[in-house]
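Breakdown of the fold
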Amino acid sequence: MIDTSSLGFSRVHDLNDPFECSSLVFDEDSSLTSKQIAMGLKNCVSTKFGVLSLTRQPLNPLMWSHYGDSHKGVVIGIDVDVAGLNCSSTSLIPAQYGDVRYTATQPSNPIVFNDFNRLMLEDFELELFEAHSSNLLSRSYLYKSLEWAYEEEVRVVKDIRSSTKISIPKRKECEYSNDQGDWNKIKIDGRPIHCLKIPQNAFCKVYLGHHIWKNVSEGGLPQNELVNILESWSSKGIQVLKCKPEYNSWSLTSNVLEKFSQHI
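These numbers come from a predicted model, not from an experiment. (Residues numbered from 1 in each chain as written. Predicted model: local features only at pLDDT ≥ 70, side-chain atom pairs only at ≥ 80, totals over all residues. Heavy atoms only, no water.)

1. Some thoughts on the overall build of the protein chain
Operational definition: To qualify as a helix, a DSSP run of H or I must reach at least 4 residues; to qualify as a strand, a run of E must reach at least 2; elements of each kind are numbered from the N terminus. Three labels apply to residues, based on accessible area from a 1.4 Å probe with only protein chains included: buried if under 20% of the type maximum, exposed if over 50%, partly exposed otherwise in between. By the convention used here, residues are in contact when the closest approach between their heavy atoms is within 4.5 Å.
Summing up its helical and strand segments, the protein chain has six helices and twelve strands in all. Taken over 264 residues, the protein chain has a buried fraction of 41%. Considering only intrachain contacts with a sequence separation of at least 6, the fraction spanning at least 24 residues in the protein chain is 71%.

2. Looking at helix α6 (residues 223-235)
One full turn of an α-helix is made of 3.6 residues, so residues set three or four places apart face in the same direction. Under the convention used in this document: Here the expected length of a helix is defined as 1.5 Å per residue gap, with one fewer gap than residues. The arc in question is the one spanned by the directions pointing from the helix axis to the C-beta atoms.
Look at α6: 18 Å from first C-alpha to last across 13 residues, which is about the 18 Å you get at 1.5 Å a residue. Taken as a whole, α6 has its buried residues at Leu226, Val227, Leu230 and Trp233. Axial view of α6: buried residues confined to an arc of 120°, hence all on one face. The exposed residues of α6 that point more than 90 degrees off its buried face are Asn224 and Ser235. Lining the buried residues of α6 we find β3 (74-78), β10 (203-208), α5 (214-217) and β11 (239-245). Positive backbone phi, at 85°, marks glycine 237, one or two positions downstream of α6.

3. Here we look at the nonpolar core
Operational definition: Put simply, buried Ala, Val, Leu, Ile, Met, Phe, Trp, Tyr and Cys residues joined by side-chain atoms within 4.5 Å make one nonpolar core.
One finds Leu7, Phe9, Leu85, Leu208 and Trp233 to be the most contacted residues of the largest nonpolar core, which totals 28 residues. In terms of residue count, α6 provides more of this core than any other element does, four residues in total. Leave out the neighbours within four places in its chain, and leucine 208 touches Trp64, Gly73, Val74, Leu230, Trp233, Val240, Leu241, Lys242, Cys243 and Leu257. In this structure, Val51, Leu136, Leu137 and Tyr141 belong to the second largest nonpolar core, which totals 19 residues.

4. Focus: the pattern of salt bridges
Under the convention used in this document: Salt bridges, as used here, are contacts in which a Lys or Arg side-chain nitrogen is within 4 Å of a carboxyl oxygen on Asp or Glu.
Evaluated as defined, the whole model comprises nine salt bridges. The salt bridge involving glutamate 20 is made with lysine 144; its shortest N-O contact spans 3.1 Å. Taken together, the residues span a long stretch of sequence, with glutamate 20 in the loop between β1 (6-9) and α1 (34-48) and lysine 144 in strand β5 (residues 143-145) at a distance of 124 residues. By relative accessible area, which is 3% here, glutamate 20 ends up buried. Its relative accessible area of 5% is what places lysine 144 among the buried residues. When the shortest N-O distance is used, the salt bridge between aspartate 99 and arginine 56 registers 2.9 Å. With aspartate 99 in the loop between β3 and β4 (101-103) and arginine 56 in the loop between β2 (49-55) and α2 (61-67), the pair connects residues that are 43 residues apart, well separated along the chain. Via salt bridges that share partners, Asp17, Glu20, Lys144, Glu153 and Arg155 belong to a single interconnected network.

5. Let's talk about α1
With 15 residues, α1 should reach 21 Å at 1.5 Å per residue; the first-to-last C-alpha distance of 21 Å fits that figure. All of the buried residues in α1 are Ser34, Ile37, Ala38, Leu41, Lys42, Cys44, Val45, Ser46 and Lys48.

6. Details of the packing of aromatic side chains
This is how it is decided: Two rings from Phe, Tyr or Trp (for Trp, the six-membered ring) form a pair when their centres sit within 6.5 Å of each other. Planes less than 30 degrees apart are called stacked, planes more than 60 degrees apart edge-to-face, and all others tilted. Comment: the charge-over-ring label is applied if NZ (Lys) or CZ (Arg) is within 6 Å of the ring centre and within 35 degrees of the ring normal.
Applying the stated criterion across every chain, the model contains one aromatic pair. On the numbers, 5.2 Å between centres and 70° between planes, the contact of phenylalanine 9 with tryptophan 183 is edge-to-face. Taken together, the positions of phenylalanine 9 in strand β1 and tryptophan 183 in strand β8 (residues 183-188) put the pair 174 residues apart, joining distant regions of the chain. This pair shows no difference in class: phenylalanine 9 is buried, exactly as tryptophan 183 is. We note lysine 144 situated over the ring of tryptophan 148; from NZ or CZ to the ring centre the distance is 4.2 Å.

7. Topic: the side chain of asparagine 86
The criterion, for reference: Within 3.5 Å is the distance limit for a polar contact, defined as a pair of N or O atoms, with the added protein rule that one can donate a hydrogen and the other accept it, and that residues adjacent in sequence qualify only through two side-chain atoms.
You can see asparagine 86 is positioned in the loop between β3 and β4. A distance of 2.8 Å separates a polar atom in the side chain of asparagine 86 from a polar atom in the side chain of aspartate 81. Among residues more than four places away in sequence, those in contact with asparagine 86 are Val80, Asp81, Pro94, Ala95 and Gln96.

8. Points about unusual backbone geometry
Despite not being glycine, aspartate 189 shows a phi value in the positive range, around 55°. Structurally, aspartate 189 is set in the loop between β8 and β9 (191-197). Phi is positive for asparagine 248, which is not a glycine, with a value near 65°. Tracing the chain through its elements places asparagine 248 in the loop between β11 and β12 (252-256).

9. Remarks on the side chain of arginine 139
Checked against the element boundaries, arginine 139 lands in helix α4 (residues 135-141). A polar atom in the side chain of arginine 139 sits 2.6 Å from the backbone oxygen of serine 23. Setting aside residues no more than four positions away along its own chain, arginine 139 makes contact with Ser23, Leu24, Val25, Pro107, Asn109 and Ile111.

10. Here's the deal with the environment of leucine 62
The topology assignment puts leucine 62 in helix α2. Between the C-alpha atom of leucine 62 and that of tyrosine 150, which follows or precedes it by 88 residues, the distance is 7.8 Å.

Next up, the structure:
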């Protein structure tokens, strides 16, 4: 992400929750049931739009266990304004309206939406929706089960159809080109990721997991190589912090690092 100044957007079909886009309820007509309309809409938005999943909380221990390689990975802090993720004119759902809503039961009231046929057209315009008021968008992307509430997720949804394709087998690095705008499409373990170029200075912080040292002691990464990576981030103006358990509590805390070799 930092080396290529890019963020990865995923299709709804590739997200890890099978209940994604399942809060869509419509009045049934003579030809289609509510479920048929909802499934058609889910298939449509999955091919046209990508989701960037962010969190407000970099120090959640459960998030570190689930998404931070058991505290061996990193959390990357992004300035959403510098990255352009708050811009309503370039995002179907910008970050400022992207707070996920966690509920114990799914919404059951039908959505009033009369442009389904237009949505199915390949060349429809984004102006069909207003991100701050569209019930259709909220129900498509911003409702999740209460069990997910610990993530404190914020989503950004963008049109991904301008992506060009690059295949990356087995998580190898790739070179990004901007031949067709600010998007590139890559594949990681067969999963398509749509990568958006953002300004390099949008990356403002990196939190190192409490077990980052295991990448050296168990993962076979030379210590000097890890130190070089951290120093390269710092040279780009990125603040590097180290997480650790807070004494006598279940919380994590973080401290700014100055000399990396002493803390790995």
